[in-house]
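In case you want the letters, here they are:
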Amino acid sequence: MASRGKSETGKLKQNMEEQLDRLMQQLQDLDECRDDLDDEEYEETKKETLEQLSEFNDSLKKIMTGDMTLVDELGGMQLAIQAAISQAFKTPEVIRLFAKKQPGQLRTRLSEMDRDVIVGKLSRDDHTQQKLEILTALRKLGEKLTADDEAFLAENATATLSQFEKVTAGSEAKIMALACSGVKTEA
């Protein structure tokens, strides 16, 4: 996933070379078998092969002029959103629960964290960071937050989480798919 087109470009190049080799071999084989074919069959097969070669050439021109790319606009959006997710959510468990649309488990995790900070198992800073992540995830999942939770978010929201809110506005379905893909690669 980190290659962002390098391996795909390599595969594309390999496929293009194989396609060119196949078409050239087809023309060579056709010339070698000319005596075995009648004139009409030979001309028709040669014409088809030359048409395929012309289509292949048109594809190459499109790729070379930039009309066709492996990482398109949607891929660019995906990169931006993934960057927002990876910077906004630092806790893998929150990412996983967010991706799986599990607000109940997010709320349970929040309660456990509140308890852990009281008994000293979790530092205040870690608690604040994780609570921010969970409340932001709950909000993005369409969950109703309490007035206290909203106040906590307003007081403690980081620039990264605020940017995540802006980037993801109106694209929850895409976010879920991206978050799920992030969870699958981490697991």
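Residues numbered from 1 in each chain as written. Predicted model: local features only at pLDDT ≥ 70, side-chain atom pairs only at ≥ 80, totals over all residues. Heavy atoms only, no water.

(A) Examining the overall build of the protein chain more closely. On a plain count of helices and strands, the protein chain comes out with nine helices and zero strands. Tracing the protein chain from N to C terminus, the helices and strands come up as α-α-α-α-α-α-α-α-α. Across the 187 residues of the protein chain, 30% fall into the buried class. In the protein chain, the proportion of contacts linking residues at least 24 apart, taken out of those at least 6 apart, comes to 68%. With the model as given, the accessible surface of the protein chain reaches about 12100 Å², and the carbon-plus-sulfur share is 51%. (Helix = DSSP H or I, 4+ residues; strand = E, 2+ residues; numbered from the N terminus. Buried < 20%, exposed > 50% of the residue type's maximum accessible area, 1.4 Å probe, protein only. Contact = heavy atoms within 4.5 Å. Areas by Shrake-Rupley, 256 points an atom, 1.4 Å probe, with all protein chains shown as cover.)

(B) Seen up close, a negative patch on the surface. On the surface, a cluster of negative charge is made up of D38, D39, E40, E41, E43, E44, E48, E51, E55 and D58. As for its position among the elements, E41 is in helix α2 (residues 39–65). (Patch = residues over 30% accessible without salt bridge, like charges linked within 9 Å, V, L, I, M, F, W, Y side chains within 5 Å. Salt bridge = Lys/Arg side-chain N within 4 Å of Asp/Glu carboxyl O. Lys, Arg positive; Asp, Glu negative; His and termini not counted. Charge placed at Lys NZ, Arg CZ, Asp CG, Glu CD.)

(C) Seen up close, the packing of aromatic side chains. For the structure shown, the criterion picks out zero aromatic pairs. Looking at R34, its charged tip hangs above the ring of Y42, at a distance of 4.2 Å from the centre. Cation over ring: K131 sits above F152, and NZ or CZ is 4.5 Å from the ring centre. (Phe/Tyr/Trp six-rings, centres within 6.5 Å; stacked < 30°, edge-to-face > 60°. Lys NZ or Arg CZ within 6 Å of the ring centre and 35° of its normal.)

(D) Representation of the packing of helix α6 (residues 124–140) against helix α7 (residues 147–156). Contact geometry for α6 and α7: axes closest at 10 Å, N-to-C directions at 120°. With respect to α7, the element α6 is oriented oblique. The hand of the α6/α7 crossing is left-handed. Across the interface between the two elements, T128, K131, L132, L135, T136 and R139 of α6 pack against D149, E150, F152, L153 and N156 of α7. Its residues assigned to classes, the contact of α6 with α7 comprises four nonpolar, three polar and four charged. (Axes fitted to C-alpha atoms, helices over the stretch in contact; angles between N-to-C directions. Parallel < 35°, antiparallel > 145°, perpendicular 65-115°, else oblique. Left-handed = near helix turned anticlockwise from the far one by under 90°. Nonpolar A, V, L, I, M, F, W, Y, C, P; charged D, E, K, R; others polar.)

(E) Up close: the side chain of H127. Considering the arrangement of structural elements, one finds H127 in helix α6. Residues contacting H127, with those up to four places away along its chain left out, are M113, D114, V117 and L122.

(F) Fine view of α2. The end-to-end C-alpha distance of α2 is 39 Å, a good match for the 39 Å that 27 residues give at a rise of 1.5 Å each. Every buried residue of α2 is listed here: Y42, T49, L53 and F56. Two to three positions downstream of the cap, the backbone nitrogen of E40 sits 3.2 Å from a side-chain oxygen, assigning the N-cap of α2 to D38. (Expected span 1.5 Å × (residues − 1). Polar contact = N/O pair within 3.5 Å; in protein donor to acceptor, adjacent residues only side chain to side chain.)

(G) Region of interest: the packing of helix α5 (residues 103–119) against α6. Close contact between α5 and α6 brings their axes to 10 Å; oriented N to C, the two are set at 165°. Accordingly, the angle class assigned to the pair α5 and α6 is roughly antiparallel. Crossing of α5 against α6: the hand is left-handed. Within the contact between the two elements, α5 uses P103, L106, R107, R109, L110, M113, D114 and V117 and α6 uses R124, H127, Q130, K131, I134, L135, A137 and L138. Split by residue class, the contact of α5 with α6 holds nine nonpolar, two polar and five charged.

(H) Spotlight on the pattern of salt bridges. Across all of its chains, the model carries four salt bridges by this definition. E112 serves as the salt-bridge partner of R109, at 3.9 Å between the closest nitrogen and oxygen. With R109 and E112 both in helix α5, this residue pair falls three residues apart, about one helical turn. Linking D116 and R115 is a salt bridge whose minimum nitrogen-to-oxygen distance equals 3.1 Å.

(I) Geometry of helix α1 (residues 6–32). Compared with the 39 Å implied by 1.5 Å per residue over 27 residues, the 39 Å span of α1 between its first and last C-alpha is a close match. Among the residues making up α1, those that are buried are M16, L23, L27 and L30. Where α1 is buried, its residues contact α2.

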